[in-house]
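Analysis of the macromolecular model
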Amino acid sequence: NIGLDMGSTWDIINGRLLANPNVRNLDWRSVMIDPLSRAIKDVEVRTVSTRFAGTRIKQIQSTCSVLKEQLEDRNVKFACKGYGTVPVLHGFLINASVLFLTMTRIENGELIGTPNAYLRFVASPGQESIAHAFRAFSDWFDHLWAKGSDIWPMKPKLLEDRTRF
């Protein structure tokens, strides 16, 4: 998942996946905006908020700390990192077979995250335009993940530094 401030996404991930005792054998990774990013702060507006992202990070860290043993017992893995670049796209790639993709807009110097319609792509062999959408999303996710700052699980030093949003 390439998220923005996780305004509605976290509730879905938490409620339907992490806190659901029937969900097992899941590996979920998300990236979201870094609330300390100057680049994002310069264009943020109510639909993409660094303040709200900071609140979500605290919720993610608190919830995952509480659920840690339950998640391990169910073989549910959740990881999240923050990115500091202004997002151009966001969405969900599920099992490399379904992609929900949308793009942000810049209007009067402000980043608009919603209400942007999602495009739905289903993996189809031989469909180059669909394959390109999957590759573009995956490549951007991998790039943001590689450059991202840990939100969950947290490394020991981050417990001190990153909980001050």
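1. Things to note about the overall build of the chain
The number of helices and strands found in the chain is 5 helices and 8 strands. Listing the helices and strands of the chain from first to last along the sequence gives α-β-α-α-β-β-β-β-β-β-α-β-α. The globule rule puts the C-alpha radius of gyration for 165 residues at 15 Å, and the 16 Å found for the chain is close to it. If you line up the chain on its principal axes, its C-alpha atoms span 40 × 40 × 25 Å. Relative to its full complement of 165 residues, the chain shows a buried share of 44%. Partitioning the contacts of the chain with sequence separation of at least 6, the portion at a separation of at least 24 is 70%.

2. Overview of the environment of Thr 55
Mapped onto the fold, Thr 55 is located in helix H3 (residues 50-73). A C-alpha to C-alpha distance of 29 Å links Thr 55 and Arg 120, two positions 65 residues apart in sequence.

3. Re the sheet that holds strand S2 (residues 76-83)
With respect to topology, 3 strands assemble into an open sheet ordered S1-S2-S8, the strand pairing being mixed. Edge positions in the open sheet fall to strand S1 (26-33) and strand S8 (149-152), since each of these has one partner strand only. Ignoring which end each strand starts from, the neighbouring axes of this sheet average 30 degrees apart. Here helix H4 (residues 128-147) sits on the sheet and contacts S1, S2 and S8; the angle it forms with S1, its principal contact strand, is near 75 degrees.

4. Examining the side chain of Thr 47
Inspection of the secondary structure assignment puts Thr 47 in the loop between helix H2 (38-41) and H3. A distance of 3.4 Å separates a polar atom in the side chain of Thr 47 from the backbone oxygen of Leu 111.

5. Some points on unusual backbone geometry
Trans peptide bonds make up most of the peptide bonds, and negative phi angles are found at most residues other than glycine. At the junction of Thr 114 and Pro 115, the peptide bond is cis and its omega measures out at 0 degrees in the coordinates. Mapped onto the fold, Pro 115 is located in the loop between strand S6 (110-112) and strand S7 (119-122). Each neighbour pair has its own omega, and for Trp 152 with Pro 153 the value is -10 degrees, a cis peptide bond. Mapped onto the secondary structure, Pro 153 falls in the loop between S8 and helix H5 (156-161). Non-glycine residue Asn 75 carries a positive phi angle of around 55 degrees. Within the secondary structure layout, Asn 75 lies in the loop between H3 and S2. The backbone phi angle of Asn 108 is positive, close to 55 degrees, even though this residue is not glycine.

6. As for helix H1 (residues 9-18)
Listing the buried residues of H1 in full gives Thr 9, Trp 10, Ile 13, Asn 14, Leu 17 and Leu 18. Along the axis of H1, the buried positions cluster into a sector of 125 degrees, meaning they face one direction only. Those residues of H1 that are buried lie in contact with S1, H3, S2 and strand S3 (89-94).

7. Things to note about the nonpolar core
Most often, soluble globular proteins keep nonpolar side chains buried together rather than apart. Judged by nonpolar contacts, the single largest core of 42 residues is most densely connected at Ile 2, Trp 10, Leu 18, Met 32, Ile 60 and Phe 78. Counting only elements with at least two residues in this core, the list comes to H1, S1, H3, S2, S3, strand S4 (98-103), H4 and S8.

8. Focus on the packing of aromatic side chains
As enumerated under the stated definition, the model contains 4 aromatic pairs in all. Their ring planes at 50 degrees and their centres at 5.7 Å tell us that Trp 10 and Phe 78 sit as a pair that is tilted. Of this pair, Trp 10 sits in helix H1 while Phe 78 sits in strand S2, placing them 68 residues apart in sequence. Across this residue pair, the class does not change: Trp 10 and Phe 78 are buried. With a centroid separation of 6.4 Å and 55 degrees between ring planes, the pair formed by Trp 28 and Phe 92 is classed as tilted. Within this pair, whereas Trp 28 is found in strand S1, its partner Phe 92 is found in strand S3, the two being separated by 64 residues in sequence. Taken as a pair, Trp 28 and Phe 92 share a single burial class, namely buried. In this structure an aromatic cluster arises from ring pairing among Trp 28, Phe 92 and Tyr 118.

About the cut-offs
- Residues numbered from 1 in each chain as written.
- Predicted model: local features only at pLDDT ≥ 70, side-chain atom pairs only at ≥ 80, totals over all residues.
- Heavy atoms only, no water.
- Helix = DSSP H or I, 4+ residues; strand = E, 2+ residues; numbered from the N terminus.
- Rg over C-alpha atoms; globule rule 2.2 N^0.38 Å.
- Buried < 20%, exposed > 50% of the residue type's maximum accessible area, 1.4 Å probe, protein only.
- Contact = heavy atoms within 4.5 Å.
- Pairing = 2+ DSSP bridges.
- Axes fitted to C-alpha atoms, helices over the stretch in contact; angles between N-to-C directions.
- Polar contact = N/O pair within 3.5 Å; in protein donor to acceptor, adjacent residues only side chain to side chain.
- Arc of directions from axis to C-beta.
- Core = buried A, V, L, I, M, F, W, Y, C linked by side-chain atoms within 4.5 Å.
- Phe/Tyr/Trp six-rings, centres within 6.5 Å; stacked < 30°, edge-to-face > 60°.

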